[in-house]
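Listed here are the chains, written in short residue letters.
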Amino acid sequence: MRLLVDFMIALIVLVVIATIMVQQRARAEQNSLVEQTQHAMHAIESKAIFHAGLGETDLTRRGYPMVIDELWFDQLPVNPLTGPTIVWIEVAADDNIKAFNPRYVTAEHGRSAFWYNPYLGIVRARVPMQTSEQATVDLYNMVNGTTLRAGDVRWMPGD
């Protein structure tokens with residue numbers, strides 16, 4: 001009987017240790033994807049500033065390129081959080097020129113992996129939907145260095 005109790009205790013300890021290790025690995029993998037996405041955003045912003053400085057593209061009144069041209073890149077920066085998307089980068093609509101963030105923060109429903117506001121020179125990375133709206137906003141904030149709340153975000157077309 002004592003042997004069975006010792007075995008059960010050892011098994012519980014192993015399960016707890018394995019669970020902790022799996023959670024740490026998942027967190028490390030997500031942090032790596034966040035970092036890669038941040039590097040991609042910075043690469044896009046850097047190219048935009050570079051090409052604006054060369055004067056080889058149409059600029060907004062604030063001096064940022066009106067569009068981000070895919071031809072500026074030898075290898076297109078990708079958002080590893082979203083995987084392949086239909087559209088690489090979306091340019092903010094004219095009625096959204098003062099926005100610091102896109103209306104929709106997820107890459108769901110055919111939305112782009114990145115969002116660019118040429119009036120403010122801001123690039124944002126969209127994220128995949130998580131287990132909750134709050135978890136999705138938390139990931140978006142981590143990637144983009146923002147402080148959105150779940151109530152600030154549109155979730156479905158028509159919201």
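See the structure shown above.
Presented here is a report on the structure given in the accompanying data block.

Calculation criteria
Residues numbered from 1 in each chain as written. Predicted model: local features only at pLDDT ≥ 70, side-chain atom pairs only at ≥ 80, totals over all residues. Heavy atoms only, no water. Helix = DSSP H or I, 4+ residues; strand = E, 2+ residues; numbered from the N terminus. Buried < 20%, exposed > 50% of the residue type's maximum accessible area, 1.4 Å probe, protein only. Pairing = 2+ DSSP bridges. Axes fitted to C-alpha atoms, helices over the stretch in contact; angles between N-to-C directions. Contact = heavy atoms within 4.5 Å.

## Thoughts on the overall build of the protein chain
And then number 1: Looking only at helices and strands, the protein chain features two helices and three strands.
And then number 2: When the helices and strands of the protein chain are placed in sequence order, the string is α-β-β-β-α.
And then number 3: Principal axes of the C-alpha set define a box for the protein chain whose edges measure 80 × 35 × 25 Å.
And then number 4: Counting all 159 residues of the protein chain, 37% fall into the buried class.

## Regarding the sheet that holds strand 2 (residues 114-117)
And then number 1: Pairing in this open sheet of three strands is mixed, and the strands run 1-2-3 from one edge to the other. One side of each edge strand has no neighbouring strand; the edge strands of this open sheet are strand 1 (89-91) and strand 3 (122-125). Ignoring strand direction, the axes of neighbouring strands in this sheet form an average angle of 25°.
And then number 2: Relative to strand 2, strand 1 runs parallel, the two sharing three bridges. For glutamate 90, the partnering residue across the bridge sits in strand 2 and is tryptophan 115.
And then number 3: Helix 1 (residues 2-54) rests against strand 1, strand 2 and strand 3 of the sheet, and its axis sits at about 155° to strand 3.

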